[in-house]
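Observations on the three-dimensional arrangement
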Amino acid sequence: TDFAAQQRAFSPLLRPRLYETLSFTNCTMAASGQEKAIQRAAEQEQKRQQQEEARQSMLMSILTQEAKERLNRISLVKPDKARVVENRIIQMAKSGALKGEQVSDKRLTDLLANMADAGTTG
């Protein structure tokens, strides 16, 4: 094969140095790839945190204090259910269904009841 011919062409004194160089190059490339993967993961995590902060900020402006407290209590017991409710509230706000009004505790309990009746919460 060509590779075997190339190996024979190198003098026996140069072969160990070539293998060291190839080994170092492979290690360097692997480390560089790991660094890039770590950097991408860090960037993704930062983006996720920014999105979560924007989400929480939006919820805090949409909900009254009492509704925030109720939703926080729900999230302590059933975090998945709270997330579904938060998603629904954000969806309502984005679609204009809230008409610029804050979601009161009463409206939140009505929403929870409607979602329970429809089977959209756990």
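Residues numbered from 1 in each chain as written. Predicted model: local features only at pLDDT ≥ 70, side-chain atom pairs only at ≥ 80, totals over all residues. Heavy atoms only, no water.

1. Some points on the overall build of the protein chain
Along the backbone of the protein chain there are five helices and zero strands. Put simply, the protein chain runs from its N terminus to its C terminus through helices and strands in the order α-α-α-α-α. When burial is assessed residue by residue, the protein chain has 18% of its 122 residues classed as buried. Partitioning the intrachain contacts of the protein chain with sequence separation of at least 6 by distance along the chain shows that 65% fall at a separation of at least 24. Accessible surface computed for the protein chain: about 9,100 Å², of which carbon and sulfur atoms make up 55%. (Helix = DSSP H or I, 4+ residues; strand = E, 2+ residues; numbered from the N terminus. Buried < 20%, exposed > 50% of the residue type's maximum accessible area, 1.4 Å probe, protein only. Contact = heavy atoms within 4.5 Å. Areas by Shrake-Rupley, 256 points an atom, 1.4 Å probe, with all protein chains shown as cover.)

2. As for the confidence of the model for the protein chain
Chain-level pLDDT for the protein chain is 82 on average; 72% of the residues reach the 70-or-more range. Least confident of the elements in the protein chain is helix 1 (residues 2–9), whose mean pLDDT is 60; most confident is helix 3 (residues 65–77), at 95. (pLDDT = per-residue confidence, 0-100.)

3. Some details on the environment of Val85
One can find Val85 in helix 4 (residues 79–95). Here the alpha-carbon distance between Val85 and Leu71, two residues 14 residues apart in the chain, equals 8.3 Å.

4. Regarding the pattern of salt bridges
The final tally for this structure, using the stated rule, is six salt bridges. The salt bridge involving Arg55 is made with Glu86; its shortest N-O contact spans 3.1 Å. With Arg55 in helix 2 (residues 15–62) and Glu86 in helix 4, this pair connects stretches of sequence that are 31 residues apart. Each member of the pair, Arg55 together with Glu86, is buried. Measuring nitrogen to oxygen at the nearest pair gives 2.5 Å for the salt bridge that ties Asp105 to Arg70. You can see Asp105 sitting in helix 5 (residues 105–118) and its partner Arg70 sitting in helix 3, a full 35 residues away along the chain. Judged by its relative accessible area of 25%, Arg70 falls in the partly exposed class. (Salt bridge = Lys/Arg side-chain N within 4 Å of Asp/Glu carboxyl O.)

5. Observations concerning the nonpolar core
Across soluble globular proteins, nonpolar side chains show a tendency to be buried alongside one another. In terms of nonpolar packing, the biggest core is built from 17 residues, with Leu63, Leu71, Val85, Ile89, Val103, Leu108 and Leu111 touching the most fellow members. Looking at this core, the elements that each hand over two or more residues are helix 2, helix 3, helix 4 and helix 5. If you tally residues by element for this core, the top one is helix 4, at five residues. (Core = buried A, V, L, I, M, F, W, Y, C linked by side-chain atoms within 4.5 Å.)

6. Comments concerning helix 3
One full turn of an α-helix is made of 3.6 residues, so residues set three or four places apart face in the same direction. Given a rise of 1.5 Å per residue, 13 residues ought to cover 18 Å, and the 19 Å separating the end C-alpha atoms of helix 3 matches this to within 8%. Taken residue by residue, helix 3 has Ala67, Lys68, Leu71 and Ile74 as its buried positions. Burial along helix 3 is one-sided: seen end-on, the buried residues are contained in an arc of 125 degrees. For helix 3, the exposed residues set more than 90 degrees away from the buried face come down to Leu76 and Val77. (Expected span 1.5 Å × (residues − 1). Arc of directions from axis to C-beta.)

7. Quick notes on the side chain of Lys68
Position of Lys68 among the secondary structure elements: in helix 3. Those residues within four positions of Lys68 in sequence are excluded, and the remaining contacts are Met60 and Leu63.

8. Looking at the side chain of Thr64
Along the chain, Thr64 falls in the loop between helix 2 and helix 3. Judged by its relative accessible area of 15%, Thr64 falls in the buried class. Ignoring sequence-local partners within four residues, the contact set of Thr64 consists of Gln102, Val103, Ser104 and Asp105.

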